[in-house]
Amino acid sequence: MTAAFTFPGQGAQAVGMGKALAEAFPAARAVFDEVDAALSERLSSIIWDGPGETLQLTENAQPALMAVSLAALRALESEAGFSVARDAAFVAGHSLGEYSALAAAGSLSITDTARLLRTRGLAMQKAVPVGVGAMAALLGLDYEAAVAVASEAAQGQVCQAANDNGGGQVVVSGDKAAVDRAVEIAKTRGAKRAMLLPVSAPFHCKLMQPAADVMAQALAGVVINKPACPLVSNVLASAITDPDEIRRRLVEQVTGTVRWRESVAYMAGNGVARFFEIGSGKVLSGLVKRIAEGAIGISVGGPNDIAAARNALDAAQSA
C-alpha cells in the first residue's frame, strides 16, 4: 500500500465547508447529524451558515473540522469504495487532525471524538488568558534554526517550536513578549518573513499544560481501540497502534511540537507516494510536495473530488 490518509488542523475552517458533501451523500450527512447529537447543538448550522467568528472559536472549529473530514471519508467509502483498513498504509493528522485520523481508523467513535475536541478546544482557550500568549510563523528558516531563535528569545519565558510544518515553515509559541522577540531575532537570522499569527491562544507549548491535564482526564474516560492501520503520531513522527500509547501521546501533543515535516518524511520513507488530504482546505497537500520529493497530494473536500480520489487510489495500488 502506497497511500496515506491525512487530516487537516485548525486554520482550515471556512463557512460552508462540507455542505455540498452533506447534500450529495447521505453517508456524509449522517456524520454531521451524529456530531450535532453528540454536542447537543446544531454545530452543522454554524459550519454551513456561520457566522464566521463563531466558527473560528476554537471550541467550534476543532469538532467542525473533524466533522467535515469524517463526512468526506464516509463519502469516499460509500461512493468510491475506499477502506482505511485496506487502502491506507498510515493515517495522520495535523494537531486536532490527529483525532480525525483516529476516528477514521476506528480507534475513536465519532461521538467521542466530537466531545473530546469540544473539551480540547475549551481547555486550550482557557489555559492562557487572552493576550498573554502568542504564536508566530517563521518562514525561510529550517527547524534547527527556528529552535535556536526560540531558545534565544525565551529569556526565562516560554518560547518553543510549536509546528514544524516543512518547506521552511516553523511556528513558534509561548509568552507574547518572548514570541515578539523571536519575530525580531528571526529577521536577523535570514528568515524570509516572520509574523504573528491571528490565534487566540499559544498552542503546542508548555503554557498549555492546564489543557493537557484536562485532556488526560477526558481521554481516560473514553474507549480507544487499536486503529485499522498505524497512526503516525504528531509528537513522535513515527507509527503507533497501541491504544494506551495513543492515549498518552494525545496528551503530550497538547504541549508538544507537531512534527509534521518529519511525519510526512517518515511515511514517504516507508513507501507512501500519495497523500490523501481528507477534509477542508489544501494546506497539507501543498506541504507534502515541499517535504517529500515526487510525492503527490490529493485533496478531498467536496463531491467533485470523489471520482478523482478513486482514480488516484487505483494508481497508488498499482504502483
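Refer to the structure printed above.
Now for a description of the structure that goes with this document. (Residues numbered from 1 in each chain as written. Predicted model: local features only at pLDDT ≥ 70, side-chain atom pairs only at ≥ 80, totals over all residues. Heavy atoms only, no water.)

### Side note on the sheet that holds strand S5 (residues 169–175)
Spatially, S4-S5-S3-S6 is the arrangement adopted by the 4 strands of the open sheet, whose pairing is antiparallel. Because the sheet does not close on itself, it has two edges, and the strands there are strand S4 (159–164) and strand S6 (193–196). If you compare each strand with its neighbour and ignore which way they point, the axes differ by 25° on average. Sheet topology places S4 next to S5; 5 bridges connect them, and they run antiparallel. Bridging from a neighbouring strand, Asp 164 pairs with Val 170 of S5. The sheet strands contacting helix H10 (residues 176–188) are strand S3 (133–139), S4, S5 and S6, and the helix crosses S5 at an angle near 145°. (Pairing = 2+ DSSP bridges. Helix = DSSP H or I, 4+ residues; strand = E, 2+ residues; numbered from the N terminus. Axes fitted to C-alpha atoms, helices over the stretch in contact; angles between N-to-C directions. Contact = heavy atoms within 4.5 Å.)

### Brief notes about the layout of surface pockets
Over the atoms, a rolled probe matching the size of one water molecule traces out where space is still vacant. Computed from the structure, the largest pocket encloses a volume of approximately 820 Å³. Residue lining of the largest pocket: 33 residues in total, with Gln 10, Gly 11, Ala 12, Leu 197 and Val 199 positioned closest to the centre. Among the secondary structure elements, those contributing two or more residues to the lining of the largest pocket are helix H4 (52–56), helix H5 (58–80), helix H8 (110–127), S3, S5 and helix H14 (283–291). Residues of the lining of the largest pocket, tallied by class, amount to 16 nonpolar, 15 polar and 2 charged. (1 Å grid on protein atoms, 1.4 Å probe; cavity = no way out; pocket = protein on both sides within 12 Å on 5 of 7 lines; lining within 4 Å. Points joined across faces, edges and corners; volume = space filled by probe spheres on them. Nonpolar A, V, L, I, M, F, W, Y, C, P; charged D, E, K, R; others polar.)

### Examining the pattern of salt bridges
Counted by the stated rule, this structure contains 14 salt bridges. For Asp 33, the salt bridge identified is with Arg 29, shortest N-O distance 3.3 Å. Here the residue Asp 33 and the residue Arg 29 both occupy positions in helix H2 (residues 26–39), the gap between them amounting to 4 residues, near one helical turn. On the basis of relative accessibility, which here comes to 30%, the residue Arg 29 falls in the partly exposed class. (Salt bridge = Lys/Arg side-chain N within 4 Å of Asp/Glu carboxyl O. Buried < 20%, exposed > 50% of the residue type's maximum accessible area, 1.4 Å probe, protein only.)

### Quick notes on H5
The terminal C-alpha atoms of H5 lie 32 Å apart, and with 23 residues this matches the ideal 33 Å at 1.5 Å per residue to within 8%. Burial within H5 is extensive, with 18 of its 23 residues counted as buried. Immediately downstream of H5, the backbone of Gly 81 shows phi near 75°, a positive value. (Expected span 1.5 Å × (residues − 1).)

### A closer look at the nonpolar core
Among the nonpolar cores identified, the biggest contains 79 residues, and Phe 5, Val 35, Ile 47, Val 91, Met 208 and Phe 276 are the most heavily contacted of them. Looking at this core element by element, the count peaks at 12 residues for H5. The contacts of Val 35, once residues within four sequence positions are left out, are Leu 43, Met 66, Ala 67, Ile 110 and Ala 114. If you look at the next biggest cluster of nonpolar residues, it comprises 21 residues, including Ala 136, Val 179, Ala 182 and Ile 185. (Core = buried A, V, L, I, M, F, W, Y, C linked by side-chain atoms within 4.5 Å.)

### What to know about the side chain of Ser 285
Position of Ser 285 relative to the elements: it lies in helix H14. With relative accessibility at 4%, the residue Ser 285 sits in the buried group. Of note is the side chain of Ser 285, whose polar atom sits 2.7 Å from the side chain of Glu 277. Here Ser 285 is in contact with Glu 277, Gly 297, Ile 298 and Ser 299, once residues within four sequence places are set aside. (Polar contact = N/O pair within 3.5 Å; in protein donor to acceptor, adjacent residues only side chain to side chain.)

### Focus on helix H7 (residues 97–104)
Counting buried positions along H7 gives 8 out of 8 residues, so the element sits mostly inside the fold. Among the residues of H7, those classed as buried are Gly 97, Glu 98, Tyr 99, Ser 100, Ala 101, Leu 102, Ala 103 and Ala 104. Gly 106 sits one or two residues past H7 and shows a positive phi near 75°.

### What to know about the environment of Thr 111
Along the chain, Thr 111 turns up in helix H8. Residues Thr 111 and Ala 146 lie 35 residues apart in sequence; the distance between their C-alpha atoms is 38 Å. If near-sequence neighbours (up to four positions away) are discounted, Thr 111 is found in contact with Glu 34 and Ala 38. A polar contact of 3.2 Å, which involves the side chain of Thr 111, links it to the side chain of Glu 34.

### Some remarks on the pairing of strand S1 (residues 3–7)
Counting buried residues along S1, 5 of its 5 residues qualify, which places the element largely inside the surrounding structure. Where burial is concerned, the two faces of S1 agree: the one with Ala 3, Phe 5 and Phe 7 and the one with Ala 4 and Thr 6 are both buried. Alignment of S1 against strand S9 (residues 274–278), held across 4 bridges, turns out to be parallel. Each bridged residue has a counterpart across the sheet, and for Phe 5 the counterpart in S9 is Phe 276. Sheet analysis places S1 next to strand S2 (residues 90–93), joined by 4 bridges and oriented parallel. Note on S2: the bridge partner recorded for Phe 7 is Gly 93.

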